[in-house]
Amino acid sequence: MNIAKAAYCRVYQSAFRAALPVLPYREPEALASVLDIPKKLKQLGLRSALLVTDPSIRSLGLTKPLEDAMSEQGLGCPVYDGTAANPTVANVEAALALYKAGDCQALIGFGGGSAMDCAKAVGARLAWPGRSVRNLGGNLRIWKKGAPLFAVPTTAGTGSEATLAAFIVDEKTNFKFVMNDFSLIPDYAVLDANNTLDLPPFFTATTGMDAMTHAVEAYIGRTTTAQTRTWSVEAVQLIHRYVERAYRDGHDLEARQGMLRAAYLAGMSFTRSYVGYVHAVAHSLGGWYNTPHGLANSVLLPYVLRAYGSSAYKPLKELAVAVGVARTNTLPSVAAELFIRRIERLNRNMDIPTKLPGIRPEDIEMLAKRADREGNPLYPVPRLMDAKELQKFYVMAAEDLNGSAKEAAEHAGD
């Protein structure tokens, strides 16, 4: 990255870091069960809520207890269950139309990050009925609440139940953009591990490593605080302890509860301290190829951590010591490598691949530019990289590339 752009990025990030103590972050009120939602709605004097979920969650019957409880309490509960794996502008508009038709007064995002992000975006549209979803993308463009929002995670990974971010795909351009605003932080988070018991093993693994990515990227960035570092360390320790247990036995309630807390803590951390290039690259793949976000993060995390080199040795050593794979007297470079190898071992033990299918060489330059646009100047990464340098991560993660394309991308930015 050239000197002028690098200086701009660091000044931008420093300004956000300086403003952290006065920014209006807040923690959602925690609820223990979905059955608490109708009670809370009645306390608030609300009579109807739109339930936003996806087809698989509803087909598994996970939303039925809530739907039944809403009916028994005399509360309206229209259901939008069309959310895609990477929610689109069309999903948001369809859910918004159902919200209005049902005369709703609140939103319930029920599922993984996709459903919760879709519900957040509906709230943004309610706050600004005259603006499109695309126009609301970016940082701090909303500033007012559209409706009370309940977030019910069914995976332990995205942390969307605690964050100010929503990621939406513009299906016209296949560009995945972010909406960052304090008004998007859910008002209530339902942290009930029973909602995660039927998550299949592969999704348990990749969403768990998604939470690991959130915690690690938030920890090694340059805008951390004492609080976000504490949250990140606890999240990494919990994932280290529980993710394989949850993968091996989906009904291990202790492991599921530990992973749900880890995802929540990681979400609390990265919504304040941000993420890094793992996410920037993963989002470009999700927008263009519909690559599942947790899978992309799982595969990319070791590649990106190694590429940060010495700029990340110190914080990675601290995480290595925290999970017991290194000692305080271990050389930082060695400890950092031991931590990265631990991540690779977790991936391998849970049958997460080391490569991603479908990455086309002719797309890499465009994808890297999109990652650059997302990551710079916002993400306070240990080492700055521009679009040319980011191309190498697509090559590293690609399942198959021809020799000339691979060589050209690998040497980009040299």
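A. Examining the overall build of the protein chain more closely. A tally of helices and strands in the protein chain yields 16 helices and nine strands. Computed over C-alpha atoms, the radius of gyration of the protein chain comes to 21 Å, within 12% of the 22 Å expected from 2.2 N^0.38 for 414 residues, which places it in the range of a compact globule. Principal axes of the C-alpha set define a box for the protein chain whose edges measure 65 × 45 × 45 Å. Across the 414 residues in the protein chain, those meeting the buried criterion constitute 60%. At a minimum sequence separation of 6, the contacts of the protein chain that also span at least 24 residues come to 78%. Surface accessibility of the protein chain: about 15,900 Å² in total, with carbon and sulfur atoms responsible for 54%. Computed over 45 positive and 41 negative side-chain charges, the separation of the two mean positions in the protein chain equals 5 Å.

B. Representation of the sheet that holds strand S4 (residues 106-111) in the model. Spatially, S1-S9-S6-S4-S2-S3 is the arrangement adopted by the six strands of the open sheet, whose pairing is parallel. In the strand order of this sheet, the two ends are held by strand S1 (29-31) and strand S3 (79-80), each with one partner. Here strand S2 (residues 49-52) pairs with S4 via four bridges, running parallel. Residue pairing across strands places valine 52 opposite glycine 109, the latter belonging to S4.

C. Main features of the pairing of S4. Most of S4 sits inside the fold, with six of its six residues counted as buried. Bridge count between S4 and strand S6 (residues 149-153): five bridges; the pairing is parallel. Bridge pairing in S6 links leucine 107 to leucine 149.

D. Representation of the sheet that holds strand S5 (residues 138-139) in the model. Read from one edge to the other, the open sheet built from three strands follows the order S5-S8-S7, with strand pairing classed as mixed. Of all the strands in the sheet, the pair left with one neighbour each is S5 and strand S7 (165-170). Pairing analysis gives six bridges linking S7 to strand S8 (residues 175-180), with the strands arranged antiparallel. Bridge pairing in S8 links isoleucine 168 to phenylalanine 177. Here helix H6 (residues 113-127) sits on the sheet in contact with S7 and S8, set at roughly 90° to S7.

E. Highlighting the packing of aromatic side chains. Tallied over the full model, the rule gives eight aromatic pairs. Taken together, a centroid distance of 6.2 Å and an interplanar angle of 55° make the contact between tryptophan 143 and phenylalanine 182 tilted. Of this pair, tryptophan 143 sits in the loop between S5 and S6 while phenylalanine 182 is found in the loop between S8 and strand S9 (188-190), placing the two residues 39 residues apart along the sequence. The exposure class of tryptophan 143 is exposed, given its relative accessible area of 54%. Taking 4.6 Å as the distance between ring centres and 15° as the angle between the ring planes, the aromatic pair formed by phenylalanine 150 and tyrosine 188 counts as stacked. You can see phenylalanine 150 sitting in strand S6 and its partner tyrosine 188 sitting in strand S9, a full 38 residues away along the chain. For the pair shown, phenylalanine 150 and tyrosine 188 are each scored as buried. Three or more aromatic residues joined by ring pairs make a cluster, and in this case those are Tyr8, Tyr12, Phe16 and Tyr274. Sitting over the face of the ring of tryptophan 128, arginine 131 holds its NZ or CZ atom 5.0 Å from the ring centroid. Cation over ring: lysine 144 sits above tryptophan 128, and NZ or CZ is 4.1 Å from the ring centre.

F. A look at the side chain of asparagine 376. Mapped onto the elements of the fold, asparagine 376 is located in the loop between helix H14 (364-375) and helix H15 (387-397). Within the local environment of asparagine 376, its side chain forms a polar contact with the side chain of tyrosine 277, the two groups lying 2.7 Å apart. A polar contact is formed between the side chain of asparagine 376 and the side chain of aspartate 372, at a distance of 2.5 Å. Not counting residues up to four positions away in its chain, the partners in contact with asparagine 376 are Met1, Lys5, Cys9, Tyr277, Leu384, Met385 and Asp386.

G. Highlighting the environment of isoleucine 3. Along the chain, isoleucine 3 turns up in helix H1 (residues 3-19). With 174 residues separating them in the primary sequence, isoleucine 3 and phenylalanine 177 have C-alpha atoms 27 Å apart.

H. A look at the environment of alanine 127. Along the polypeptide, alanine 127 turns up in helix H6. By relative accessible area, which is 8% here, alanine 127 ends up buried. Considered as a pair, alanine 127 and glutamate 29 are 98 residues apart in the sequence and their alpha carbons are 21 Å apart. Leaving out residues up to four positions away in the same chain, alanine 127 has contacts with Ile142, Lys144, Lys145 and Gly146.

I. Spotlight on unusual backbone geometry. Look at the link from asparagine 376 to proline 377: it is a cis peptide, with omega at 15°. For proline 377, the position within the fold is in the loop between H14 and H15. Located in the positive-phi region is asparagine 174, a residue other than glycine, with phi close to 60°. Structurally, asparagine 174 is set in the loop between S7 and S8. Accessibility expressed as a relative area gives 29% for asparagine 174, which makes it partly exposed.

J. Up close: the pattern of salt bridges. By the definition in use, this model includes 23 salt bridges. Two residues, glutamate 318 and lysine 314, come together in a salt bridge whose shortest N-O distance is 2.7 Å. Placement of both glutamate 318 and lysine 314 in helix H12 (residues 313-322) is noted, with a separation of four residues, approximately one turn of the helix. Of the charged contacts, one joins lysine 369 and glutamate 365 as a salt bridge, the two residues approaching to 3.6 Å between their closest N and O atoms.

What counts, and at which threshold
Residues numbered from 1 in each chain as written. Predicted model: local features only at pLDDT ≥ 70, side-chain atom pairs only at ≥ 80, totals over all residues. Heavy atoms only, no water. Helix = DSSP H or I, 4+ residues; strand = E, 2+ residues; numbered from the N terminus. Rg over C-alpha atoms; globule rule 2.2 N^0.38 Å. Buried < 20%, exposed > 50% of the residue type's maximum accessible area, 1.4 Å probe, protein only. Contact = heavy atoms within 4.5 Å. Areas by Shrake-Rupley, 256 points an atom, 1.4 Å probe, with all protein chains shown as cover. Lys, Arg positive; Asp, Glu negative; His and termini not counted. Charge placed at Lys NZ, Arg CZ, Asp CG, Glu CD. Pairing = 2+ DSSP bridges. Axes fitted to C-alpha atoms, helices over the stretch in contact; angles between N-to-C directions. Phe/Tyr/Trp six-rings, centres within 6.5 Å; stacked < 30°, edge-to-face > 60°. Lys NZ or Arg CZ within 6 Å of the ring centre and 35° of its normal. Polar contact = N/O pair within 3.5 Å; in protein donor to acceptor, adjacent residues only side chain to side chain. Salt bridge = Lys/Arg side-chain N within 4 Å of Asp/Glu carboxyl O.

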